[in-house]
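Listed below, chain by chain, are the residues.
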Amino acid sequence: MKWNSESEAREQIKLMVAEYYHEFKEKKVPFKSGDRISYASRIFDEKEMQALTDATLDFWLTTGRFANQFEKEFANWIGVKFAHLVNSGSSANLVAFMALTAPELGARQILPGDEVITVACGFPTTVTPVLNYGAVPVFVDVTVPQYNIDVTKLEGALSSKTKAVMIAHTLGNPFNLEKVKEFCDKHNLWLVEDNCDALGTKYTINGVTKFSGTWGDIGTSSFYPPHHMTMGEGGCVYTNNPVLNRLILSFRDWGRDCICPSGQDNFCKHRFDGQHGELPKDYDHKYVYSHFGYNLKVTDMQAAIGCEQLKKFPSFIERRRHNWSRLRAALSCVENKLLLPEPAENSIPSWFGFLISVREDSGLDRNKITRYIEEHNIQTRLLFSGNLIKHPCFNQIRNSDRYRVSGGLEVTDFVMNNTFWVGVYPGMTDEMIDYMAKIIIEAVC
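Residues numbered from 1 in each chain as written. Predicted model: local features only at pLDDT ≥ 70, side-chain atom pairs only at ≥ 80, totals over all residues. Heavy atoms only, no water.

Student: Would you take a moment to explain the overall build of the protein chain for this structure?
Tutor: From N to C terminus, the protein chain includes 12 helices and 16 strands. Here the C-alpha atoms of the protein chain give a radius of gyration of 23 Å, agreeing with the 22 Å that 2.2 N^0.38 yields for 445 residues. In the protein chain, which comprises 445 residues, the proportion classed as buried is 53%. The long-range fraction of contacts in the protein chain, counting pairs at least 24 apart against all pairs at least 6 apart in sequence, stands at 74%. Carbon and sulfur atoms provide 52% of the accessible area of the protein chain, an area that totals close to 19800 Å². The centroid of the 48 positive side-chain charges in the protein chain is displaced by 1 Å from the centroid of its 53 negative side-chain charges. (Helix = DSSP H or I, 4+ residues; strand = E, 2+ residues; numbered from the N terminus. Rg over C-alpha atoms; globule rule 2.2 N^0.38 Å. Buried < 20%, exposed > 50% of the residue type's maximum accessible area, 1.4 Å probe, protein only. Contact = heavy atoms within 4.5 Å. Areas by Shrake-Rupley, 256 points an atom, 1.4 Å probe, with all protein chains shown as cover. Lys, Arg positive; Asp, Glu negative; His and termini not counted. Charge placed at Lys NZ, Arg CZ, Asp CG, Glu CD.)

Now the structure itself:
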């Protein structure tokens, strides 16, 4: 085939990609009872495949024009000044926490031995950066049916070493941001919102409504395939604080002091002047390192997918809410046996999943119920770690001063033993939701 220009070639290639999608990837078979229902799945069309192709033809490979576009559009959408892509939600949590360990923060710098309040009922990578750095996670209990931190336990967890609160919003349901933020403001503590499972959730404080992830000092998101939107792998760290923004960039980009974008030299106009540490005067600023950082950047191919996903994202959120509400209404007939989820007060959740707990007085067994559901081709999941400190990874630090528990974790243990969840992702049809409800009801009746 002969093309007259590169731009013409690109457009022809992208048209062929669209044809390929419609021929081989577009779903054409309607759901029927007994078909596999995953707890989550990526939702995409030819636009994502064309964007991915466009980025591939650039062959820039690392962070580039699509990443810059996504960061600007995402920051504008969620309502923050600064947003930076990373290669996963776990990396986002790592960068968010490490930014708080920088000496530039003075007395508020988190040092080894300082404490961070969190929960054990969640995903491990909310806590891993704290442990790996040598800070001390302080675990407090949760409440049901919201499955978030019990804010009445916050004051009891406080000590002279407390520097931050770092917790996740559970499956789209936000923790009590009003009380947690009030607690952090009162005691001059950092607040990191792990927003990986709640992107698009709204929360209102004193008449002001904002997205979860934007109430604290730093928010994090994940773009792993099951999440609210996807890049395949990927994550984001966002803030309104210019000092934290600079630190986030440094820890993400090798720990360097320079802020010049990738591929641009002397953007700051001070590449060869200045005194840094004990380096020779006028040492090349591009190779000055102020922190022990990482390379956690995303590729431009991933970011290109994200640019298209972001356009669809509002419709994803609405469909998740629709599916959650339909499933909850269908299961209301078995509330005497199952504890069904409730949205947090003052919130409009962007649901990631539908949490269900087996009531202790029901005489039912969680594992038997989930086994029945799985046998009918419906995926189930537990609430991640259940109780993180019961896992083998804690064997090497058990009964040490590397962590502490404030009060009991009775509700956390209840979740570990009695709770599971099913999906409500936007690719689910009403027929799928209704079938799923039917099978869950059969499992408990």
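From this point, the narrative continues.
Student: Which parts of the structure should I look at to understand the packing of helix 4 (residues 89–99) against helix 8 (residues 242–252)?
Tutor: For any two helices packed against each other, the geometry is given by the interaxial angle and the distance between the axes. Look at helix 4 against helix 8: their axes get within 9 Å of each other, and the N-to-C directions meet at 125 degrees. Regarding the angle of helix 4 to helix 8, the classification is oblique. By crossing handedness, the relation of helix 4 to helix 8 is classed as right-handed. Contact with helix 4, carried on its side by Val 95, Met 98 and Ala 99, involves Leu 247, Ile 248, Phe 251 and Arg 252 of helix 8 and no other residues of that element. When grouped by side-chain class, the residues that make up the contact of helix 4 with helix 8 number 6 nonpolar, no polar and 1 charged. (Axes fitted to C-alpha atoms, helices over the stretch in contact; angles between N-to-C directions. Parallel < 35°, antiparallel > 145°, perpendicular 65-115°, else oblique. Left-handed = near helix turned anticlockwise from the far one by under 90°. Nonpolar A, V, L, I, M, F, W, Y, C, P; charged D, E, K, R; others polar.)

Student: Could you clarify how one ought to interpret the sheet that holds strand 8 (residues 202–205) in this entry?
Tutor: Strand pairing within a sheet occurs via backbone hydrogen bonds; the two strands may be parallel or antiparallel. Pairing within the open sheet is antiparallel, and its 3 strands lie in the order 9-8-13. Since the sheet does not close on itself, it has two edges, and those belong to strand 9 (208–211) and strand 13 (347–348), each with one partner. For strand 8 and strand 13, the ladder comprises 2 bridges, and the chain directions are antiparallel. In the strand pairing of strand 13, Tyr 203 is matched with Ser 347. (Pairing = 2+ DSSP bridges.)

Student: What am I meant to see in the nonpolar core here?
Tutor: Nonpolar side chains tend to gather and get buried jointly when the protein is soluble and globular. Of all hydrophobic cores here, the largest spans 32 residues; its most connected members are Ile 117, Ile 149, Val 165 and Val 180. For this core, the secondary structure elements donating two or more residues are strand 2 (115–119), strand 3 (136–140), helix 6 (154–157), strand 6 (162–168), helix 7 (177–187), strand 8 and helix 11 (410–418). Sequence-distant contacts of Val 180, defined by excluding residues within four places in its chain, comprise Ile 149, Val 151, Leu 154, Val 165, Ile 167, Phe 175 and Leu 191. Among the nonpolar cores identified, the runner-up in size contains 29 residues, and Phe 354, Val 424, Met 428 and Ala 443 belong to it. (Core = buried A, V, L, I, M, F, W, Y, C linked by side-chain atoms within 4.5 Å.)

Student: For this particular structure, what's the right way to read the state of the cysteines?
Tutor: Cysteine pairs can be covalently joined through their sulfur atoms, and such a bond is termed a disulfide. For the structure shown, the criterion picks out 0 disulfides. As a non-bridged cysteine, Cys 236 has Cys 196 as the owner of its nearest cysteine sulfur, 10 Å distant. Note on Cys 258: no disulfide assigned, nearest cysteine sulfur contributed by Cys 260 at a separation of 3.4 Å. (Disulfide = S-S within 2.5 Å.)

Student: Looking at this structure, I do not really get the pairing of strand 16 (residues 419–423). What am I missing?
Tutor: The side chains of a regular strand alternate between the sheet's two faces. In terms of residue burial, strand 16 counts as a mostly covered element, since 5 of its 5 residues are buried. Neither face of strand 16 is left uncovered, since the one carrying Thr 419, Trp 421 and Gly 423 and the one carrying Phe 420 and Val 422 both have all their residues buried. Relative to strand 16, strand 14 (residues 353–358) is paired through 5 bridges, and the arrangement is antiparallel. Along strand 16, the bridge assignment pairs Ser 357 with Thr 419.

Student: Sorry, what's going on with empty space enclosed by the protein here?
Tutor: The gaps of empty space that remain are located by a probe, the size of a water molecule, rolled over the atoms. Considering all chains together, one arrives at 3 cavities of 30 Å³ or more under this definition. In this model, the largest cavity occupies a volume close to 50 Å³. Lining the largest cavity are 13 residues; nearest its centre among them are Ser 41, Ile 43, His 227, His 228 and Phe 316. A breakdown of the residues in the lining of the largest cavity according to their chemical character gives 6 nonpolar, 5 polar and 2 charged. When its volume is computed, the second largest cavity comes out at roughly 40 Å³. Lining the second largest cavity we find Pro 145, Gln 146, Tyr 147, Thr 170, Leu 171, Asn 173, Pro 341, Glu 342, Trp 351, Gly 353 and Leu 355. Within the lining of the second largest cavity, the residues separate by chemical class into 6 nonpolar, 4 polar and 1 charged. (1 Å grid on protein atoms, 1.4 Å probe; cavity = no way out; pocket = protein on both sides within 12 Å on 5 of 7 lines; lining within 4 Å. Points joined across faces, edges and corners; volume = space filled by probe spheres on them.)

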